[in-house]
Amino acid sequence: MSDPQAHGSHAIDIGADPTDPGTGTEAPTNTGPRPFPGLGVRLTYGFGTDRGLRRELNEDSFIAVEPVFAVADGMGGHEAGEVASSICVRTLGASSIIGSRTPQFSAGDLEELIREADQRIRSEAGGHAGTTLTGVLLVEESGAPYWLFFNVGDSRTYRLSNGTFGQVSVDHSEVQELVDIGRITEEQARTHPRRHVVTRALGTGDDAEADFWLMPVEEGDRILLCSDGLSGEITDEGICTILSDVHDPQEACDELIAATLRSGARDNVTVIVIDATDLGDRDAERTTVPPGGLFAADGNGVVPEGPA
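Residues numbered from 1 in each chain as written. Predicted model: local features only at pLDDT ≥ 70, side-chain atom pairs only at ≥ 80, totals over all residues. Heavy atoms only, no water.

Asker: Is there a simple way to explain the packing of helix H1 (residues 81–93) against helix H2 (residues 107–125) in this structure?
Answerer: Two measures define how a pair of helices packs: the angle their axes make with one another and the distance between the axes. Two numbers describe how H1 lies on H2: the axes approach to 9 Å, and their chain directions differ by 140°. Between H1 and H2 lies a crossing whose hand is right-handed. Note on element contacts: H2 touches H1 through Leu113, Glu116, Ala117, Arg120, Ile121 and Glu124, opposite Val83, Ala84, Ile87, Cys88, Thr91 and Leu92. Split by residue class, the contact of H1 with H2 holds 8 nonpolar, 1 polar and 3 charged. (Axes fitted to C-alpha atoms, helices over the stretch in contact; angles between N-to-C directions. Helix = DSSP H or I, 4+ residues; strand = E, 2+ residues; numbered from the N terminus. Left-handed = near helix turned anticlockwise from the far one by under 90°. Contact = heavy atoms within 4.5 Å. Nonpolar A, V, L, I, M, F, W, Y, C, P; charged D, E, K, R; others polar.)

Asker: I tried to follow the pairing of strand S13 (residues 293–296) on my own but got confused; where do I start?
Answerer: For a regular strand, the rule is simple: side chains alternate between the two faces of the sheet. Neither face of S13 is exposed, since Gly293 and Phe295 on one face and Leu294 and Ala296 on the opposite face are all buried. Direction of pairing for strand S4 (residues 60–65) relative to S13: antiparallel, over a ladder of 3 bridges. Counted as the bridge partner of Phe62 is Phe295 from S13. (Buried < 20%, exposed > 50% of the residue type's maximum accessible area, 1.4 Å probe, protein only. Pairing = 2+ DSSP bridges.)

Asker: What's the story with the pattern of salt bridges in this structure? I'm lost.
Answerer: Side chains that differ in charge, positive against negative, can pair when their charged atoms come close. Counted under the stated rule, the structure contains 15 salt bridges. With a closest N to O distance of 3.1 Å, Asp298 and Arg90 form a salt bridge. With Asp298 in the segment after S13 and Arg90 in helix H1, the pair connects residues that are 208 residues apart, well separated along the chain. Judged by relative accessible area, which is 18%, Asp298 ranks as buried. Put simply, Glu111, Glu112 and Arg115 are held in one network by salt bridges that share partners. (Salt bridge = Lys/Arg side-chain N within 4 Å of Asp/Glu carboxyl O.)

Asker: Sorry if this is basic, but what is going on with the pairing of strand S11 (residues 222–226) here?
Answerer: In terms of residue burial, S11 counts as a mostly covered element, since 5 of its 5 residues are buried. Side chains Arg222, Leu224 and Cys226 project from S11 onto one buried face, and the interleaved Ile223 and Leu225 project onto a second face that is buried too. Here strand S8 (residues 156–161) runs beside S11; their pairing, made up of 5 bridges, is antiparallel. Each residue of the ladder has a partner; that of Arg156, found in S11, is Cys226. Across 5 bridges, the pairing between S11 and strand S12 (residues 269–277) is antiparallel. Note that in S12 the partner of Leu224 across the bridge is Val273.

Asker: Just checking my understanding: could you explain the nonpolar core for this structure?
Answerer: Considering soluble globular proteins, one finds that nonpolar side chains tend to be buried as a cluster. Ranked by size, the top nonpolar core spans 31 residues in total, and within it Ile63, Leu110, Leu133 and Leu137 carry the most contacts. Only S4, strand S5 (68–73), H1, H2, strand S6 (133–141), strand S7 (144–152) and S13 provide two or more residues apiece to this core. Residues Leu43, Val71, Ala276 and Ala297 belong to the second largest nonpolar core, which totals 21 residues. (Core = buried A, V, L, I, M, F, W, Y, C linked by side-chain atoms within 4.5 Å.)

Structure, rendered in structure tokens:
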């Protein structure tokens, strides 16, 4: 794997002192099961990022701090895409729900948080930097655990559930619009010269509206969040095969990144894999939420300590 910290990118272990970002040279990785206290759901997850083989900088950022999981891809061709993606994950990390147990957090609440990220990017970068955003929150809805998915741009969220694999998010891109009207096929979209042109983004352009989906958590659910550095190199079939065959979520992340590198890794690649098990098993609960990880591409991101 190539060095994900090249040219000043910085990985942060949220288990460390939040006032000391450190000087490590490797992106954070998950080291074991992380039971999620609340509603009897156990989450186990892994994460990783790599700048790839063609790019000088890693403009991807991510947050995996329960109950928030998200990937932000700083937009190539704009000034300081790494700044935009970092502001985005830092804004999510500053939310009061960090460290909560399946909070009662609605799509409207999340929309406000994403709007805040958009405004902060525009204020700090003057509209010259943008980022995509895709992610999921584990929330409580009607006394049950639900996935609250969200997406702006062409980073993607997938779900493997009960033997069925599919993309939850819908790409906000020119090629997706061409696919939707039947002008090109999904396969043609993979190599189309306009495949990297997004129609929605945070921090730049006229449309920063997010899409939302609320779905009940099912036993054995596996969620994948990724930047288009993965989906642009590996087909959905290839992604599904790795997610189905590699049972440990951190190992699945490592293999997805390794497969991207073997395919040429023309872009930065970032992945988060989340498994949900032990639904309804109160013995799986803990009194505290374990630490996660954050990668801020600009090197300045620290997630504040959540509530006890």
